[in-house]
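So the chains spell out like this:
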Amino acid sequence: WASRNTQHTRQQKQSALTMEHRENEEQNKPHPLPIKPLDARFMFLGTASMSPSSTRNVSGNALQIGKEWTIIDCGEGTQHQILKAKCISPAKINRIFITHLHGDHCFGLPGLLCMINNAVTDTEEDKIVHLIGPKGLRNMTRAALLSSGMATLFRFRIDELWSNNDNIIIPKQKNSSHKHPTSNKLHHYSQVFEIPQHPSELPGLNIEPNGKDGASATWVLPPHPGGGNVSTDWTLYAGPLVHTIASVGYVFQEHFHRGKIDTSSTLKARILSTENRSYQKKENGVKNPLQLLGELQQGRSIQIQECSKIVEIKPEDYMTPPTPGRKIAVLGDTCDSRAISSLVANANLLVHESTNYANIEEGEEPETVLQMAVLRGHSTPAMSGTFAKCCAVKLLLLTHFSSRYKGDDSKESLAVMDQIVKEAQDHLGHEHVIAARDFMEVPIPIKQHHKGGGIAAGAC
């Protein structure tokens, strides 16, 4: 353990030195384009705010890209939800991202780590679980694991998102003779000391925001310490949100998809010419020159013979332009998401909270509900739809509902959720809005078509 941790310490120091230049590298250095994009799907493990109900668990989300699972928020009971979902393998969970440190988003973390540990075998001791979240996540995780004597077969690393410009609002105190400290002040009490490192823990990074000043600064996330296809084919970001404590949203940006070789052009004729057939068979032992098309598709140049000369054909000479990769945005609690808008722009899928809704049939005033939501650091369906419209989002998924809004199939519940969706649609400007339910699965295809199909509750 000691030698492995020493090696990773050196790696982390090197990563820390290069993190501040990472965003420029992402913009200026072309990524190797993936040959075949990985399958991706999103699942809701919990869609309630603050406390669970009989029909909804508290916040929890799972994103599968290829064979890797990322858990984004894990409120209490998340491991139970994973068991019920049946399609999520705890041993395949490589990342756990926390949007903020309110209990309904993170109190299930110690149990989830124990669940992963029970699923890991002795032959998988090189497994690393990568945790990322706001400042304070490291202390919280260490306190839970160390005080309970929890040892893990796997190693883990906790990277924290640091910033001097937390977008925090202070809720007004209710009339009471006993004045409780605000959650914001309590949150910062946990940052005046550092709990010792866990024996299975690798040294983590304190990730500083990019070079922008002010509250709109964003973070480029480091790749998984163990690598993998997600780290190779996707770039991950985080951005600040306005809430009662430091809160962030996460954006998964897939790299451009490689174009396809245009075989309808003169390429095929050049490769199949009698002169080149003879050359390929004699010099390279290639009986069917058409197999050279595979080399071009994978980004490698080929050589053919034309007019008694050896000619190089480059992939870009006959390849269609690359197409943009998918973008997935998952936001934490917020009453103002504008600071992350540049990252979310043109997202294929946006998960946004919609805690409060003004039910006019019950005499609720929209303005009053709006003020209450903002005061508590939350959003309404109208706010979610407006933000999604500004970002030209293709599919908006609403979650984090008040306990008033049940997630069952009763007529009353379905009617209220339809109203919530309708309000968001009216502000978004198109119909692609879904009110999430626990265990709802949303595929994220390469070419996205939204006609109401493809969404399944409890299906894997």
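As shown above, the structure is provided for reference.
Caption draft 1: Region of interest: the side chain of Thr78. Among the secondary structure elements, Thr78 is positioned in helix α3 (residues 78–85). Residue classification places Thr78 among the buried residues on the basis of a relative accessible area of 1%. Apart from the residues within four sequence positions on either side, Thr78 is in contact with Leu45, Asn57 and Ser59.

Caption draft 2: Molecular detail of the packing of aromatic side chains. In this structure the tally under the stated criterion is five aromatic pairs. Both rings, one in Phe42 and one in Phe44, keep their centres 5.0 Å apart while their planes meet at 75°; by these two values the pair is edge-to-face. Of the two residues examined, Phe42 and Phe44, each falls in the buried class. Taken together, Phe97, Tyr250 and Phe252 form an aromatic cluster joined through their ring pairs. Of note, Lys135 hangs over the ring of Trp162, and the distance from its end group to the ring centre comes to 4.1 Å.

Caption draft 3: Summary view of the packing of helix α5 (residues 109–119) against helix α6 (residues 137–147). Here α5 crosses α6 at 65°, and the two axes come no closer than 10 Å. Relative to α6, α5 is oriented so that their crossing is right-handed. On the side of α5, the interface is formed by Leu109, Pro110 and Leu113, while α6 contributes Leu137, Met140, Thr141, Ala144 and Leu145.

Caption draft 4: How the structure looks around the sheet that holds strand β9 (residues 219–220). Reading across from one edge, β9-β10-β11-β14-β15-β16-β17 is the order of the seven strands in this open sheet, with mixed pairing throughout. The open sheet has two free edges, formed respectively by β9 and β17 (433–435), since each of these has just one partner strand. Relative to strand β10 (residues 234–241), β9 runs antiparallel, the two being bridged by two bridges. By the bridge assignment for β10, Val220 is matched with Tyr237. Packing against the sheet, helix α15 (residues 381–390) makes contact with β14 (327–331), β15 (349–353) and β16 (396–399), and its axis sits at approximately 150° to β15. Packed onto the sheet, helix α16 (residues 411–428) meets β16 and β17 and runs at close to 155° relative to β17.

Quick notes on the rules
- Here the residue numbers are simple positions, counted from 1 along each chain's written sequence.
- Where totals are concerned, whole chains, interfaces and linings use all residues; where local detail is concerned, this predicted model gives features only for residues with pLDDT of at least 70, and gives and counts side-chain atom pairs only at 80 or more.
- Only hydrogens and water are set aside when side-chain values are computed; all heavy atoms of the structure are taken into account.
- Only runs of H or I of at least four residues qualify as helices and only runs of E of at least two qualify as strands under DSSP, and these elements are numbered from the N terminus.
- Exposure is judged per residue with a 1.4 Å probe applied to protein chains only, and the accessible area is read against the type maximum: over 50% gives exposed, under 20% gives buried, and values in between give partly exposed.
- Contacts were defined at the residue level, with two residues in contact if any of their heavy atoms lie within 4.5 Å.
- The pairing test for Phe, Tyr and Trp rings, Trp by its six-membered ring, is centres within 6.5 Å, and the orientation test on the planes gives stacked under 30 degrees, edge-to-face over 60, and tilted for anything in between.
- The rule for a charge over a ring is simple: NZ of Lys or CZ of Arg within 6 Å of the ring centre, and within 35 degrees of the ring normal.
- Axis definition: a line fit to C-alpha positions, over the contact stretch in the case of helices; interaxial angles, taken between N-to-C directions, run 0 to 180 degrees.
- The hand of a helix crossing depends on one turn: near helix anticlockwise from the far one by less than a right angle means left-handed, and clockwise means right-handed.
- Note on pairing: two strands pair once DSSP finds at least 2 bridges between them.

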